[in-house]
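Structure assessment
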Amino acid sequence: MTADDLLLLAQALRARAPALPAAAGIDVVAHTGSTNSDLLEWRDGQPRALFALEQTAGRGRRGREWAARPGDSLTFSLSWRFALRADRLSGLSLAVGVALAEALSVLGVQGLALKWPNDLMRDAGHGAGKLGGVLIELSSSAAHTDAVIGVGLNLAPLPAGRYTHVPVALFDTTPPREDWLRVAATLLDALATALTRFETQGFAAFADRWNALNLHAGLPVEVQGDLHTLSGTCLGVDHDGALRLDCGDRIERVLAGDVSLRAVQAS
């Protein structure tokens, strides 16, 4: 793909994402290591979206790799400056998940669910598989917080391999460029709308919508951390994004961090 082709894609994204602020930059590159890493270096206080057709060193939560093959994945990052301290951004990754899931639903995608805290899931016919994920990296000062929000979405089936979660895809095969553009622009526009609302209303504006998409609602789960494991029934999240677990004799609140959530068989 030529530089002119990439520029035309960026211009088309701008035209189809009216919620993005007028001062925001949009770039599309043929390949990069990590769109998150690139935007962490480019911070200038203005929103900027960076899409990569191929990503070779993408990162997921807990240091996991997220690679993207040309045409088979949608990978992009959006930098956004909040006039808030980092401790006021609780639940941001969950709000992003809501925005992505609802935008895909508008495009006609069915069977979507959210796995706390950062995974976008889809019914694969024999249980939910991972369709995409979110990685947010923050840099805060006394006056504001810069967030780089990375999104990865499987557009076409991944090759056979070992995965933490069974991967599923949006399409049965590599989609044509117009479908890539339609999905990319819809997600970018929805994300810009959600971030604007999050800054003024916080996660409380998204909590009920997240709970409606909760993959593990009412199910027994384990939350595993480095030091301990909690078991209980998943009650969803509260208005600051903490996961609520009914542990029988008490209700535990778990904040997103270096933890993992998995379903367990009921005894």
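Scroll up for the structure.
Some thoughts on the sheet that holds strand 8 (residues 220-224)
Backbone hydrogen bonds are what pair the strands of a sheet, in a parallel or an antiparallel way. Spatially, 11-10-9-8-12 is the arrangement adopted by the five strands of the open sheet, whose pairing is antiparallel. Two strands lie at the open edges of the sheet, namely strand 11 (251-254) and strand 12 (260-263), each paired on one side alone. On average, each strand axis in the sheet is inclined to that of its neighbour by 45°, with strand direction left out of account. The sheet contact formed by strand 9 (residues 229-237) and strand 10 (residues 243-246) spans four bridges and is antiparallel. Residue pairing in the sheet places Thr233 in a bridge with Asp246 of strand 10.

Considering the packing of aromatic side chains
On inspection of all chains with the given rule, the structure shows four aromatic pairs. Ring geometry for Phe51 versus Trp180: centroids 5.8 Å apart, planes at 65°, classification edge-to-face. Here the residue Phe51 occupies a position in strand 2 (residues 48-55), and Trp180 occupies one in helix 4 (residues 177-201), the gap between them amounting to 129 residues. By the burial criterion, Phe51 is buried, and Trp180 matches it. Ring plane angle 70° and centroid distance 6.2 Å describe the contact between Phe82 and Phe198, whose orientation is recorded as edge-to-face. Of this pair, Phe82 sits in strand 3 (residues 73-82) while Phe198 sits in helix 4, placing them 116 residues apart in sequence. Each member of the pair, Phe82 as well as Phe198, is classed as buried. Taking the ring centre of Trp180 as reference, the NZ or CZ of Arg177 above it sits at 5.6 Å.

What counts and what doesn't
- Residues numbered from 1 in each chain as written.
- Predicted model: local features only at pLDDT ≥ 70, side-chain atom pairs only at ≥ 80, totals over all residues.
- Heavy atoms only, no water.
- Pairing = 2+ DSSP bridges.
- Helix = DSSP H or I, 4+ residues; strand = E, 2+ residues; numbered from the N terminus.
- Axes fitted to C-alpha atoms, helices over the stretch in contact; angles between N-to-C directions.
- Phe/Tyr/Trp six-rings, centres within 6.5 Å; stacked < 30°, edge-to-face > 60°.
- Buried < 20%, exposed > 50% of the residue type's maximum accessible area, 1.4 Å probe, protein only.
- Lys NZ or Arg CZ within 6 Å of the ring centre and 35° of its normal.

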